[in-house]
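Below, each chain spelled out in residue letters.
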Amino acid sequence: MKHYTSIHDIDNINSWIADAKELKANPLKDIELGKNKTLGLLFFNSSLRTRLSTQKAALNLGMNPIVMNVSGDAWGIEFGDGTIMNGNTAEHIKEAAAVVSQYCDIIAVRAFPTLKDKAKDESEHVLSSFKKYASVPIVNMESATGHPLQGLTDAITISEYSKKVRPKVVLSWAPHVKALPHAVANSFVQAMQKMDVEFVIANPEGYNLDSEITGATPIYHNQEAAFKDADFVYTKNWSSYEDYGNVINTDPNWMITKEKIGAAKFMHCLPVRRNVVVEDAVLDSDSSLVIEQANNRTYAAQLVLKKILEKL
Ligand code: CP
């Protein structure tokens, strides 16, 4: 594998899950694989889990991680081709990506969407530019439209905690005060579509995700009906895709409660706003898998880096 920028880079999710479980059982077994190799982590946006778990994954493989907050600490980067750079940007991505490639064997990038310009976001202009102008493999640490490290993590976690051959998994929208990206939800949908699960989505009217991604997955606008017999309730807020980037519903009746999920396990990528997205009683109960998910971020990232290192 050269790059890991999408869930579609996973050729066989069941074998990837098995490999990740093996790494989790023995995290230092490939400690020599990344010796003298450098992972550059470039953050255009905030992070807790991705920043720490991806570094931890690199360390488990014997790599040297180096981290930069690009938005705060680097020169402003220009992405436009042929731009007359007499504004606020000081360095073009053509030089920036080529230069970082001199120091790093793999570059991981986090760059959120504008949520204002759908076409620009869907072009993945930051991630695609790194892919185009860097001379080393690129890993997506959450881009405008996808968070494939999180999607792989979630697939691993469901496989670990499933008591059934074919569990029922629900992705449920929940309210939020801010407009959030679609990336986590998109990658979760794509991961579930690759797994042997009964998968449905619950969201209010006006909140359907990109139909190119949801495809034939059933979408309910009635949360209670969607949750019937669920084994896993994966919750995430996202802004409207149709009315792009806008918050058109904050109905608190969509908040996740203990009563609603019953015996199902609760999942969320974190960070999560307590008592807005989900009530305390869920997060503070044995139903919640959020910490287990966060732990699995390390092994998902470690598997991705291992697969790339093996092809260097
Ligand atoms: N889930 C996730 O990506 O967390 P961070 O934004 O803290 O990295």
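Everything below is about the structure shown above.
Cut-offs used in this document
- Residues numbered from 1 in each chain as written.
- Predicted model: local features only at pLDDT ≥ 70, side-chain atom pairs only at ≥ 80, totals over all residues.
- Heavy atoms only, no water.
- 1 Å grid on protein atoms, 1.4 Å probe; cavity = no way out; pocket = protein on both sides within 12 Å on 5 of 7 lines; lining within 4 Å.
- Points joined across faces, edges and corners; volume = space filled by probe spheres on them.
- Helix = DSSP H or I, 4+ residues; strand = E, 2+ residues; numbered from the N terminus.
- Nonpolar A, V, L, I, M, F, W, Y, C, P; charged D, E, K, R; others polar.
- Pairing = 2+ DSSP bridges.
- Contact = heavy atoms within 4.5 Å.
- Axes fitted to C-alpha atoms, helices over the stretch in contact; angles between N-to-C directions.
- Core = buried A, V, L, I, M, F, W, Y, C linked by side-chain atoms within 4.5 Å.
- Buried < 20%, exposed > 50% of the residue type's maximum accessible area, 1.4 Å probe, protein only.
- Polar contact = N/O pair within 3.5 Å; in protein donor to acceptor, adjacent residues only side chain to side chain.

### Describing the layout of surface pockets
Stage number 1. Estimated volume of the largest pocket: approximately 570 Å³.
Stage number 2. Residue lining of the largest pocket: 28 residues in total, with Phe112, Leu180, Lys236, Leu270 and Pro271 positioned closest to the centre.
Stage number 3. Looking at the lining of the largest pocket, the elements that each hand over two or more residues are helix H2 (49-60) and helix H8 (183-194).
Stage number 4. Among the residues making up the lining of the largest pocket, the classes are represented as 12 nonpolar, nine polar and seven charged.

### Examining the environment of Ala225
Stage number 1. In this structure, Ala225 sits in helix H10 (residues 223-227).
Stage number 2. Here the alpha-carbon distance between Ala225 and Val184, two residues 41 residues apart in the chain, equals 23 Å.

### Describing the sheet that holds strand S10 (residues 232-236)
Stage number 1. A sheet is described by the order of its strands in space; here five strands give the open sequence S9-S8-S7-S10-S11, paired in parallel fashion. Among the strands making up the open sheet, the edge pair consists of strand S9 (219-220) and strand S11 (265-267).
Stage number 2. Of the pairings in the sheet, the one linking strand S8 (residues 198-202) to S9 comprises two bridges and is parallel in character. When the bridges of S9 are listed, Ile201 appears paired with Ile219.
Stage number 3. In this fold helix H7 (residues 148-161) packs onto strand S7 (168-173), S10 and S11, with an angle of close to 160° to the strand it touches most, S10.
Stage number 4. Seen against the sheet, H8 touches S7, S8 and S10 and runs at an angle of roughly 165° to S7.

### Concerning the nonpolar core
Stage number 1. The biggest cluster of nonpolar side chains holds 73 residues, and the ones touching the most others in it are Tyr4, Leu152, Leu171, Met192, Phe199 and Leu305.
Stage number 2. Sort the elements by how many residues they give to this core and helix H13 (residues 290-309) lands first, with eight residues.
Stage number 3. Excluding its chain neighbours within four sequence positions, the residues that come into contact with Leu171 are Ala185, Phe188, Val189, Phe199, Val200, Ile201, Ala202, Leu209, Tyr234, Lys236 and Trp238.
Stage number 4. Counting 18 residues, the second-largest nonpolar core is a separate cluster that includes Phe44, Ile77, Ala111 and Ala134.

### What to know about the side chain of Glu78
Stage number 1. Tracing the sequence through the fold places Glu78 in strand S3 (residues 77-78).
Stage number 2. Within the structure, the side chain of Glu78 is placed 3.2 Å from the side chain of Thr83, a separation counted as a polar contact.
Stage number 3. Of the polar contacts made by the side chain of Glu78, one reaches the side chain of Thr89; its length is 2.8 Å.
Stage number 4. Discounting chain neighbours no more than four positions away, the residues touching Glu78 are Thr83, Met85, Thr89, Glu91, His92 and Ile93.

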